[in-house]
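A structural walkthrough
So you can see what is in the structure, the chains are spelled out below.
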Amino acid sequence: MPMLEIDNFGKQFTSHQLGTTRQAVSQINFSLDKGQFIGIVGKSGSGKSTILKSIYRTYLPDQGSIYFHSKRFGRIDLMKATERQIIYLRKHEIGYVSQFLNVMPRTTARQLVEQALREMDETEETVRVEAEKSLAHFELDPSLWDTFPNIFSGGEKLRLNIAIATVKKPRLLLLDEPTASLDQQSKLKVRQVIEKLKESGTTLVGIFHDIEFMENLCDKVFDMNTRQLALLVGDVHEG
Ligand SMILES: Nc1ncnc2c1ncn2[C@@H]1O[C@H](COP(=O)(O)OP(=O)(O)OP(=O)(O)O)[C@@H](O)[C@H]1O
Ligand SMILES: [Mg+2]
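Please read these numbers as outputs of a predicted model, since none were measured by experiment. (Residues numbered from 1 in each chain as written. Chains lettered and ligands numbered in written order. Predicted model: local features only at pLDDT ≥ 70, side-chain atom pairs only at ≥ 80, totals over all residues. Heavy atoms only, no water.)

Details of the overall build of the chain
Definition in use: Each helix corresponds to a stretch of at least 4 residues labelled H or I by DSSP, and each strand to a stretch of at least 2 residues labelled E; elements are numbered beginning at the N terminus. For each residue, the accessible area found with a 1.4 Å probe, counting protein chains only, is set against the maximum for its type, and the residue is called buried under 20%, exposed over 50%, and partly exposed in between. Throughout, a residue-residue contact means that at least one pair of heavy atoms, one from each residue, lies within 4.5 Å. Residue exposure ignores everything except the shown protein chains as possible cover, and the areas themselves are Shrake-Rupley values with a 1.4 Å probe. In this count, Lys and Arg are taken as positive residues and Asp and Glu as negative ones, while His and the chain termini are left out. Charge coordinates come from a single atom per side chain, which is NZ of Lys, CZ of Arg, CG of Asp or CD of Glu.
Within the chain, the secondary structure is distributed over 7 helices and 10 strands. On the principal axes, the C-alpha backbone points of the chain span a range of 45 × 40 × 40 Å. Within the chain, buried positions represent 50% of all 239 residues. Considering only contacts within the chain whose residues lie at least 6 apart along the sequence, 65% involve residues at least 24 apart. Accessible area of the chain: about 12300 Å², with a carbon and sulfur share of 47%. Side-chain charges in the chain split into 31 positive and 31 negative, and the spacing between the mean points of these groups amounts to 5 Å.

If you want it as structure tokens, here you go:
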């Protein structure tokens with residue numbers, strides 16, 4: 001059974017102020033098996049983030065279906081899931097890394113990673129150990145662990161964001177340009193974690209500008225310009 005099936009998905013935005021409706025994306029179809037990784041490519045404004053936000057239900061999708069194979073709920077249409085179900089899925093099964101760090105104020109980096117682990121009902125010992133492992137893995141300087149992330153650099157914020165999302169080893173992980181502002185060394189760290197997550201069975205959807213980074217890591221590439229799967233990274237349409 002596929003882990004994620006996007007079936008004729010589309011999303012419109014209505015501006016009540018302007019009295020207009022715009023179709024942001026339409027006719028998106030792809031499916032992913034457990035442990036597969038799909039990369040989404042396409043020009044700016046083509047609706048890549050809208051797809052991710054609709055899977056995570058930050059946006060309420062309005063056309064088609066998005067089926068997720070949940071451990072708790074079985075095959076569930078994320079467009080029709082209740083708010084309670086979505087809250088449960090975000091806590092336990094679906095992770096999301098946005099381009100921007102959007103976390104609780106006055107909470108330290110360490111506390112944020114620990115909170116994520118606690119939501120998974122881990123023991124306090126595991127919470128402490130795993131949080132430090134994750135912060136160290138993404139090479140956040142230990143002097144930053146007990147400070148508030150609003151002082152972090154762009155790359156440090158992004159690495160913290162990735163640590164928070166991956167420490168839970170979600171069943172499905174959504175990555176919106178997770179390497180955009182990172183140097184080569186940090187990009188490799190992200191790659192390593194993606195490889196590990198894949199091995200442990202996590203299914204991933206990622207948006208990347210850096211196509212080279214995805215090579216040998218992605219199982220499929222979805223090209224927004226043609227609305228089709230590109231067989232090889234080299235086949236991606238320049239648009
Ligand atoms: N909340 C929103 N309200 C209205 N329009 C929106 C909203 N979110 C996205 N859009 C519109 O939907 C279209 C697709 O936006 P989206 O952010 O998905 O593009 P993208 O492919 O991720 O672009 P980029 O590569 O620049 O991040 C854009 O025209 C955008 O203006
Ligand atoms: Mg985007």
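Let us keep going from here.
Examining the site of ligand 1
For clarity, the threshold we go by: Any residue with at least one heavy atom within 4 Å of a molecule or strand is counted as near it. For the purposes of these results, a polar contact is taken to be a pair of N or O atoms within 3.5 Å, where, inside protein, one atom must be able to donate a hydrogen and its partner to accept one; residues adjacent in sequence count only when each atom of the pair is a side-chain atom. Amino acid classes used here: Ala, Val, Leu, Ile, Met, Phe, Trp, Tyr, Cys and Pro are nonpolar; Asp, Glu, Lys and Arg are charged; the rest, including Gly, are polar.
As a matter of local geometry, ligand 1 sits amid F13, R22, A24, K43, S44, G45, S46, G47, K48, S49, T50 and Y59. Taking G45, its main chain carries an N or O atom lying 2.8 Å from an oxygen atom of ligand 1. One of the side-chain N or O atoms of K48 is found 2.7 Å from an oxygen atom in ligand 1. Contact with the protein chains covers 66% of the free accessible surface of ligand 1, which is 630 Å². Breaking the shell around ligand 1 down by element, the ones donating at least two residues are strand 2 (20-32) and helix 1 (48-55). The biggest single contributor to the shell around ligand 1 is helix 1, with 3 residues. Residue composition of the shell around ligand 1, grouped by class: 3 nonpolar, 6 polar and 3 charged.

As for the pattern of salt bridges
Note the threshold: One side-chain nitrogen of Lys or Arg within 4 Å of one carboxyl oxygen of Asp or Glu is enough to make a salt bridge.
On inspection of all chains with the given rule, the structure shows 15 salt bridges. A salt bridge links K168 to E119, with the nearest nitrogen and oxygen atoms 2.7 Å apart. Placement of K168 in the loop between helix 5 (154-166) and strand 7 (172-176) and of E119 in helix 3 (residues 109-119) is noted, with a sequence separation of 49 residues between them. For E119, a relative accessible area of 32% gives the class partly exposed. Across the pair E139 and K189 runs a salt bridge, and its minimum N-O distance is 3.6 Å. Of this pair, E139 sits in the loop between helix 4 (124-137) and helix 5 while K189 sits in helix 6 (residues 184-199), and the two are 50 residues apart along the sequence. When its relative accessible area of 39% is taken as the criterion, E139 is described as partly exposed. Judged by relative accessible area, which is 17%, K189 ranks as buried. Each of the salt bridges in this network shares a partner with another, and the network as a whole consists of R110, E132 and D146.

Things to note about the pairing of strand 4 (residues 63-70)
As a reminder of what qualifies: Pairing between strands is defined by DSSP: at least two bridges between them are needed.
Both strand 1 (residues 4-15) and strand 4 contribute to a ladder of 5 bridges, which runs antiparallel. By the bridge assignment, E5 is partnered in strand 4 with Y67. One ladder, built from 4 bridges, connects strand 4 with strand 5 (residues 74-77); its direction is antiparallel. Residue pairing for strand 5: Y67 is matched across the bridge by D77.

Considerations on the packing of aromatic side chains
Note the following rule: A pair of aromatic rings is counted whenever rings of Phe, Tyr or Trp (Trp by its six-membered ring) have centres within 6.5 Å, and the orientation is called stacked for planes under 30 degrees apart, edge-to-face for over 60 and tilted otherwise. Whether a charge lies above a ring is judged from NZ of Lys or CZ of Arg, which has to be within 6 Å of the ring centre and within 35 degrees of the ring normal.
The tally for this structure, following the rule as stated, stands at 5 aromatic pairs. With a centroid separation of 5.2 Å and 80° between ring planes, the pair formed by F13 and Y59 is classed as edge-to-face. Taken as a pair, F13 in strand 1 and Y59 in the loop between helix 1 and strand 4 lie far apart in primary sequence, 46 residues in all. Using a relative accessible area of 32% as the deciding quantity, one classes F13 as partly exposed. Taking the relative accessible area as the measure of exposure, Y59 reaches 25% and is therefore partly exposed. Between R75 and the ring centre of Y67, over which it is positioned, the NZ or CZ distance is 3.8 Å.

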